[in-house]
Each structure stands twice: as C-alpha cells, then as structure tokens.
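Spelled out from the first residue to the last, the chains are:
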Amino acid sequence: MYHQANMLEAHHQLLEMATKTESDDHMGKMRLELDEFESSRSAATENLEALSGDEQQDPNHKSKRKRYHRHTQHQIQEMEAFFKECPHPDDKQRKELSRRLNLELLQVKFWFQNKRTQMKAHHERSENQQLRTENERLRADNIRFKEALSNATCPNCGGPAALGEMSFDEQHLRIENARLREEIDRISAIAAKYVGKPMIPYPNLSPPHHGLPSSRSLDLGVEQFGIAGGDIFGGTASDLLRSVAAPTEADKPMIIELAVAAMEELIRMTQAGEPLWLPSVEYNSTEILNEEEYFNTFPRGIGPTPLGFKSEASRDSAIVIMNHMNLVEILMDVNQWSSVFSSIVSRAMTLEVLSTGVAGNYNGALQVMTAEFQVPSPLVPTRENYFVRYCKQHGDGTWAVVDVSLDNLHQTSIPRCRRRPSGCVMQELQNGYSKVMWVEHVEVDDRPAAHNMYHTLVNSGLAFGAKRWLATLERQCERLASLMASNIPSSDAGVITSPEGRKSMLKLAERMVMSFSSGVGASTAHTWTVVSGSTGADDVRVMTRKSMDDPGRPPGIVLSAATSFWIPVPPKRVFDFLRNENSRSEWDILSNGGLVQEMAHIANGHDPGNCVSLLRVNSGNSSQSNMLILQESCTDSTGSYVVYAPVDIVAMNVVLSGGDPDYVALLPSGFAILPDGPSSSSSSSSSHSHGGGGGSLLTVAFQILVDSLPTAKLSLGSIATVNNLIKCTVERIKAAVLMEN
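Residues numbered from 1 in each chain as written. Predicted model: local features only at pLDDT ≥ 70, side-chain atom pairs only at ≥ 80, totals over all residues. Heavy atoms only, no water.

### Section: the overall build of the protein chain
For clarity, the threshold we go by: Comment: elements are numbered from the N terminus, with helices defined as DSSP H or I runs of at least four residues and strands as E runs of at least two. Note on contacts: a residue pair is in contact if any heavy atoms of the two residues lie within 4.5 Å. Here the accessible surface of atoms and residues is derived via Shrake-Rupley with a 1.4 Å probe, and residues count as covered only by protein chains that are part of the display.
When its secondary structure is counted, the protein chain shows 15 helices and 19 strands. Partitioning the contacts of the protein chain with sequence separation of at least 6, the portion at a separation of at least 24 is 68%. Accessible surface, the protein chain as shown: approximately 37,400 Å² in total, 54% of it carbon and sulfur.

Here's what the structure looks like:
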C-alpha cells in the first residue's frame, strides 16, 4: 500500500510539471505574437505618417520617425464639401483632388476612408441612443401594465383575479385606468405650481343664464345676467353647490375606479331585459327597475340605499334627429348641457376635468361636476348632485356617457339625492339620426316633500325620470334642425325665411326661455317669499333681483312672482288656449282687451305647438304702440311651456335683419304646464298625450321692472300690485278654460 501511494504521488508531480511546461510554452508564444503585432503596428504607423507628411526626409537624418503634418483648413474644407456630394470618389476624382489640394493620392484616399468610418460610427451612436430610449419607454410601459393587471379584482367576489380570469374588455379597462392615472399625475404636477389652490379649469358657475355661448358646432345663445338678489326683506339663500370643493389627489384613483365600474353597469343596464326591467303600466315605452333583481345583479355599486331614501329608476329610448357626436359634445360641455336641458338643469358647474379624452374627441373624458335639477314650480324642491361624468366609445358609432355620485368622498355633508349609474348610450344611424337609450337611477330623501299637488307626478318618475330627459332632448334636436333648415316655404304669410333673421330670432327666444326656466323653480340660488295674506294651495311667492350693467335685461329692480295651481283640464287644452293669440285677450290684463295679431313665426318641430311667434297688440294705449311681444311655445310628452316678453319694435327690426340679439332687453313671463300624473293611455301619433283625461298643474310666473334704479328699495305697494295682477290672471284663466271645457 505504501509503495502504491508513493507511485501515485510521483505520477501526480509529473503531471504538474508537464502542465506547467505547456503553460509556459503557451505564454511564450502569446508574448512572441504580441511583440510581432506591436512591431507591425509601429511600422504601419510610421508608413502612414510618412504618407501624410508633405516634406521629404533628409537623407542624412537617421531618425526612423517622420514629423507629423496636419492638413490645412482649406484642404479639409474642400474635402468636406466634396464628401457631402460624393463620399466614394473614384480614382480620377481622387487624382484631381490631390492635384488641386497639393496632397498625395494615398492621403486623399485615406482621408475619405477615415471620414466614412467616422460618419458610420456617429450614425451607430445615434441609432443606439434612440433604441435605448425606446427600450426604456417600453420597459416602463411593461412595468405599468403589469402593475395594473396585478391589481385586478374579480367583478363577482371583489377578490384578486388572475390574468386568465379576466375578459379582454376588463383587461382593456385596467390598461386604460393606468393611462388615466398617469394623466392625473401629470395634471396634478401642473396644479402643484399654483399656490395651494385646487385646479378648477372651469370655475365659472354655469346655469343656463350664466353660461357663455359655445364656440363649437351648436351656436345657440345663452343669456348672461348677474343675480344679485333673492334677498327680499334681508333673506339669504343657502347655496350647497358652491360649498363643494374639487376632489383631492387621494380621491382621484377612487373616482376613476368608480367611473369605470359605473360605465360597465350602465352598458349592462341598457342591454338587459326582464326580470331586471319591467314594463311600465303608465307609459308603454317606459320601463321601471326591479330593485330586488338590481341588487342581485350589481351587489357592489355605491353601497346600499341609505335609510329613509327611496329609489327612482326608469329607462326609455328614442330616435332623435342629431348626429351622435353632436350629442356627445352637448353632454360633455357643461354650458351646452345646461342650455339644452334648461327646463331640468337649473345650475351646473364643472369642478375639475380629470381627463379631456384622446384622439381629439371625448373618448375617455372624465370630469367632476355639480348640478341642480328642478321641476318648473316653486312647490317642488330641487335635487342637488355631486358626481363624476365619464364618456367612452364602444365600437364604431356607439358612445356612452355615465354619471355616478361622489357623495361618499365627503362624509361631512349629508346628500338628499345621489345618482347611481345614470346616463345614455348613443348609437349612430343613417341620415344624421341617432338612437338614444336613457337610464335614470337616483335615490332621494324626499323630505321636505313636494306639495301634495305634485306627489303623483314626482312619484311616477315623470318629474325627474328618463322620459323627461329624453323628451326634452327630442324637442331640442327638432329645434336645432329647424334652425339649420334651408328649404323654408315662402308661400306662408308671416314665415321668416331669411337664415340670418331666423337664427337671430331663435337665439333671442332661447335666451328668453332659459331666463324664464331659471327663475320659476325652487333653486337654492334664490329665495321665494310667500306674500302675507295668501292662503291655500295657490300661494303667490315673490323674490327680487337687481339687474346692473347687463345689456340683455333692463337695469333696475325686477320683482318676480309665481304661483302654481291645479285645474281639471287636460294639459294639451290648457296649452292650446294659452299659446293662441286669438284667446290672449281673455287672460292677458296688460293687453287691455286689444286685438292680438301674429306678425311672424318660426316652426320649431313637427308639433304645431312648437313655434316662435312675434305678436302685436292693437291697443288704444299710446304707450304700447311701439311694443311687440316675442313668444315661444313648446310641448312634449312630459310638459309644455308658453313664454313671452315685451320687446321694442326697433330692436326687433334689427334682430329680424340678422343683428345681434344679445342687446335686446327682456323680462320674460309665462306658463309651465305639467300633467298631474301619468297617463293611462299611450300617446297618439299626431300629438302628445299630456295626462289623458286627467288635470293639469299650471305654474304662472311674471317678471316686472318695479324701479329703474338698482339701488332703490322695494315698496310694499309694488308687491301688492304684482300679487293682485297674478291672482287676477289666474282667475281669468280658470274661468276661460273651465267654461271652454
């Protein structure tokens, strides 16, 4: 054993010696090759220097290195210029350059080779830098998408979801959510530059009478006047909408998640049938929501219905004469939205725009808003909402806009009304038409409740439901179509055919109707005061407004008075009586029994009741000889309006000639006619049915200039005069329509 161990050790030593010898030989060879490479390199360098120099070596000089000589500036400029034209010169061109620049032929050849190598290296560095930047961007996108997908939740149980469990649409929503977060961060960084102030892109209050004319496609006028009032006898109004602040940075991720979930719920609500939606017994085309089935289908939402709140939900559809993109624009522009739905939206304001959308349209637009919704009567409390509005495109020609309340973000305030996912889906049709499916779903604390007269109307959903929104949209689309019409028959007497005159007159009438709508409801922007001595359901309520520096209103103190009452006459009959110029002398005390004649009119839709008219009163009173009456009457399946205002004949001549209508002073008065409840029969094809054989809820509202000095004080005599005027008008209307009925 010992002998074998010695043999193994000796063998191991021999192996080590052999390996060391081979290694030494290999290193020796490498050194030899390196020395040869250095030597050849040195020789090549000397040859290049010899070729680049322009002086001959002194034969007596023993040095191996020749003095290096740079090209002159002139030589470099000439070769640079030639290189731009021809980077690969041939032999003939190189000879010509060497002769002209006094250089060796090889010097020219090597200079162009070096220049090409230099340019190639420069281009490679630039491309590498671009590729590196693109790689970093893709890496960041990949990380962001992975984070968005890793935070996905299961729509059924609310727990984390694996990627394979998510549909393509859900993945797309998560990716879009990540993009929205990035845009919010960018906007927040800009907002941080301002001294601690929340970024409010549209800080102006935008009710119909405060909005500015839009610069977009719908050029409809909006009245502008300041309300400095609601303070009769020192009273002030509580304005809850102004107390809502813009969302904080911590709120924005929650708002985005809520908006995406609301959009998904709205789409499913518009597509679902029974048992989620049940047909309404009052209106054939309207559907009501099965609440039990709703909470089974959407268990998460914005939480359970608060204690003491009641739910109102309805769905309706219609085909309107407007392009779907124009509809989207109306809904996403707070000024246009407020003006088109002025009979419903008493005030609206955009607090913050979280996203303006992509690709130059409203796809992905997200904005936080407040709005106040009304019924045209001081006896029905308004509904205030703080919500987010989200717009999204779903395939070609289909868009959806959804609202959902954000009241949970501010637990300190107790909302009286909150919006579950509500909105509409618009689908493009041929010839500029669109199909609109509208869903309204709210929960409301109806304390204080509306007056007993309006209980049935409000509880049926006609006051704030989908049918009213959609009927108003249909009527406004017809109005806009009549504004754009070019084939106006000139044979009818009194028809205004001039496009400029029609546009100016319709713009003036629109401002008049919006002014009337803003001052007839129970908005918290102003305070109604019941006139002492009034008793019963038809109490007269008054308020004051101070008009100053507004060309659209006469300066001074304006006294507004309104009253609502029930009359056992169908709404259509009341509407036809009030809009007819032949029966005007039966109720209009200010006409002094004079004959009223229609001077001109513009049709506003298929229903003959939708019309703008210019009336003249042939009265013996000399003070009224230069006065005309501008009147607009409009009707749909949920209500009717007759609004009028005296106008100066000189100013109207300017308007009919296409002049600016914003400088015509107006004090509108008029009537709002609503059905006292849902109709038991469907609408006929020729005209709307406003409650079938039921009664009407009629609101009468007057505006009277009691003093031309804005600083003057209101006298009790003025209030008594207006009170007597409105009561006398109500008595005349009741007597006339009841006798006719």
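### Some thoughts on a nonpolar patch on the surface
Cut-off, in case you're wondering: Patch definition: residues with relative accessible area over 30% and no salt bridge; like charges joined within 9 Å; nonpolar side chains (Val, Leu, Ile, Met, Phe, Trp, Tyr) joined within 5 Å. Every case where a carboxyl oxygen of Asp or Glu lies within 4 Å of a side-chain nitrogen of Lys or Arg is listed as a salt bridge.
Residues Ile319, Ile321, Leu429 and Tyr433 make up a contiguous nonpolar surface patch of about 320 Å² in total accessible area. If you trace the backbone, leucine 429 turns up in the loop between β9 (422-428) and β10 (434-444).

### Some thoughts on the pairing of strand β17 (residues 639-648)
Defined as follows: Residue exposure (1.4 Å probe, protein chains only): buried if accessible area is under 20% of the type maximum, exposed if over 50%, otherwise partly exposed. Strands were regarded as paired on the criterion that DSSP finds at least two bridges between them.
The buried fraction of β17 amounts to eight of the ten residues, a majority that puts the element mostly inside the structure. Across ten bridges, strand β16 (residues 627-636) lies against β17 in antiparallel orientation. Within β17, the residue paired with threonine 635 across the bridge is serine 640. Counting the residues between successive antiparallel strands, the hairpin from β16 to β17 contains two residues.

### Details of the pattern of salt bridges
Summed over the entire model, instances satisfying the criterion amount to 23 salt bridges. The partner of arginine 137 in a salt bridge is glutamate 134, with the nearest N and O atoms 2.7 Å apart. Residue arginine 137 and its partner glutamate 134 are located together in helix α4 (residues 105-150), separated by three residues, close to a single helical turn. Aspartate 316 is the salt-bridge partner of lysine 467, the closest N and O atoms lying 3.7 Å from each other. With lysine 467 in helix α11 (residues 466-484) and aspartate 316 in strand β3 (residues 310-320), this residue pair connects regions lying 151 residues apart in the sequence. This pair shows no difference in class: lysine 467 is buried, exactly as aspartate 316 is.

### Description of the nonpolar core
The tendency in soluble globular proteins is for nonpolar side chains to be buried side by side. Here is the rule we go by: Definition of nonpolar core: a set of buried residues of the types Ala, Val, Leu, Ile, Met, Phe, Trp, Tyr and Cys, connected through side-chain atoms within 4.5 Å.
Residues Trp337, Phe341, Met426, Val436, Trp438, Tyr454 and Leu473 are the most contacted members of the largest nonpolar core, which totals 77 residues. Each residue touching leucine 473, except ones within four places of it in the same chain, is listed here: Val320, Leu327, Phe341, Val436 and Trp438.

### Topic: the packing of aromatic side chains
Working definition: an aromatic ring pair is given by the centre-to-centre distance plus the angle between the planes. The condition that has to hold: Geometry of aromatic contacts follows a simple scheme: Phe, Tyr and Trp rings, the Trp one being its six-membered ring, pair when their centres are within 6.5 Å, and the pair is stacked under 30 degrees between planes, edge-to-face over 60, tilted otherwise. We call a charge positioned over a ring when the NZ of a Lys or the CZ of an Arg lies within 6 Å of the ring centre and within 35 degrees of the ring normal.
If you walk through the whole model with that rule in mind, you get 15 aromatic pairs. For the ring pair phenylalanine 341 and tryptophan 469, a centre distance of 5.1 Å and an interplane angle of 55° mean the geometry is tilted. Taken together, the residues span a long stretch of sequence, with phenylalanine 341 in the loop between α9 (334-340) and β4 (345-355) and tryptophan 469 in helix α11 at a distance of 128 residues. Classification of tryptophan 469 by relative accessible area gives buried; the value is 4%. Ring pairing ties together the aromatic residues Trp337, Phe341, Phe373, Trp438 and Trp469, which thus form one cluster. Here arginine 389 stacks its cationic end above the ring of tryptophan 337, 4.2 Å away from the centre of that ring. Over the ring of tyrosine 644 we find arginine 584, and its NZ or CZ is 4.3 Å from the ring centre.

### Some points on α4
We count it as follows: Helices are assigned an expected span. That span is 1.5 Å times one less than the residue count.
For α4, which comprises 46 residues, the first-to-last C-alpha distance of 67 Å matches the rise-based estimate of 68 Å (1.5 Å per residue) to within 8%. Taken as a whole, α4 has its buried residues at Gln107, Val108, Trp111, Phe112, Lys115, Asp141 and Ala148.

### Quick notes on the pairing of strand β18 (residues 669-675)
Where burial is concerned, most of β18 is hidden: seven out of the seven residues are buried. A two-sided burial pattern is seen for β18, the buried positions comprising Ser669, Phe671, Ile673 and Pro675 on one face and Gly670, Ala672 and Leu674 on the other. Bridge count between β17 and β18: five bridges; the pairing is antiparallel. Directly across from tyrosine 641, in β18, lies its bridge partner alanine 672. Sheet topology places β18 next to strand β19 (residues 696-707); six bridges connect them, and they run antiparallel. Across the sheet, residue glycine 670 finds its bridge partner in β19, namely alanine 701.

### A closer look at the environment of serine 460
Worth spelling out the cut-off: Whenever a nitrogen or oxygen atom comes within 3.5 Å of another N or O atom, the pair is scored as a polar contact, on the condition that within protein one atom can donate a hydrogen and the other can accept it, and that pairs from neighbouring residues in sequence are kept only if both atoms are in side chains.
Within the secondary structure layout, serine 460 lies in the loop between α10 (455-459) and α11. At 2.8 Å, the side chain of serine 460 and the backbone oxygen of leucine 457 are in polar contact. Within the structure, the side chain of serine 460 is placed 3.4 Å from the backbone nitrogen of leucine 462, a separation counted as a polar contact.

### Structural notes on the sheet that holds β18
Our working rule: Note on geometry: axes are lines fitted to C-alpha atoms, helical ones only across the stretch in contact, with angles between N-to-C directions running from 0 to 180 degrees.
Here we have nine strands laid out as an open sheet, ordered β11-β12-β13-β19-β18-β17-β16-β15-β14, and antiparallel in their pairing. At either end of the open sheet lies a strand with only one pairing partner, and these are β11 (529-530) and β14 (595-603). With eight bridges joining them, β14 and strand β15 (residues 611-618) adopt antiparallel strand pairing. Pairing of isoleucine 602 across the sheet is with valine 612, part of β15. Where α11 meets the sheet, its contacts fall on β14, β15, β16 and β17, and the angle it forms with β16 comes to roughly 130°. Across the sheet, helix α13 (residues 571-579) lies against β13 (556-567), β16, β17, β18 and β19, angled at about 165° from β18, the strand it touches most.

### A closer look at the packing of helix α2 (residues 73-85) against helix α3 (residues 91-101)
Stated formally: Should an angle fall under 35 degrees it is called roughly parallel, over 145 degrees roughly antiparallel, and 65 to 115 degrees roughly perpendicular, with every other angle called oblique. Each helix crossing is assigned a hand: it is left-handed if the near helix lies turned anticlockwise from the far helix by less than a right angle, otherwise right-handed if that turn is clockwise. All amino acids are sorted into three groups, where Ala, Val, Leu, Ile, Met, Phe, Trp, Tyr, Cys and Pro are nonpolar, Asp, Glu, Lys and Arg are charged, and the leftover types, Gly among them, are polar.
Interaxial distance between α2 and α3 falls to 11 Å at its minimum, and their mutual angle equals 155°. Taken together, α2 and α3 sit at an angle that is classed as roughly antiparallel. For the pair α2 and α3, the crossing hand works out as right-handed. Taking contact as the criterion, the partners of His74, Gln75, Glu78, Met79 and Phe82 in α2 are, on α3, Gln93, Leu97, Arg100 and Leu101. Per-class residue counts for the contact of α2 with α3 are four nonpolar, three polar and two charged.

### Some points on helix α12 (residues 499-518)
In this model α12 runs 29 Å from its N-terminal to its C-terminal C-alpha over 20 residues, within 8% of the 28 Å that 1.5 Å per residue would give. Across the 20 residues of α12, 17 count as buried, placing the element largely inside the fold.

### Section: unusual backbone geometry
Here the amide bond leading from glutamate 274 into proline 275 is cis, since omega sits at 10°, within 30 degrees of zero. Examined against the element boundaries, proline 275 turns out to sit in the loop between α6 (252-271) and β1 (277-279). Although it is not a glycine, asparagine 102 sits at a positive phi angle of roughly 60°. Mapped onto the fold, asparagine 102 is located in the loop between α3 and α4. When its relative accessible area of 67% is taken as the criterion, asparagine 102 is described as exposed.

### Points about the confidence of the model for the protein chain
Put simply, the rule is: Confidence of the predictor at the level of single residues is captured by pLDDT, which takes values from 0 to 100.
Of all residues in the protein chain, 72% have pLDDT values of 70 or greater, and the mean over the chain is 76. Across the protein chain, β9 holds the top mean pLDDT of 95, while helix α1 (residues 2-52) sits lowest at 44. A low-confidence stretch, residues 193-239 stays under pLDDT 50, and its non-local contacts, those more than four residues away or across chains, total 118 contacts. Considering only residues more than four positions removed or in separate chains, one finds that residues 680-693, a stretch of pLDDT under 50, has 28 contacts.

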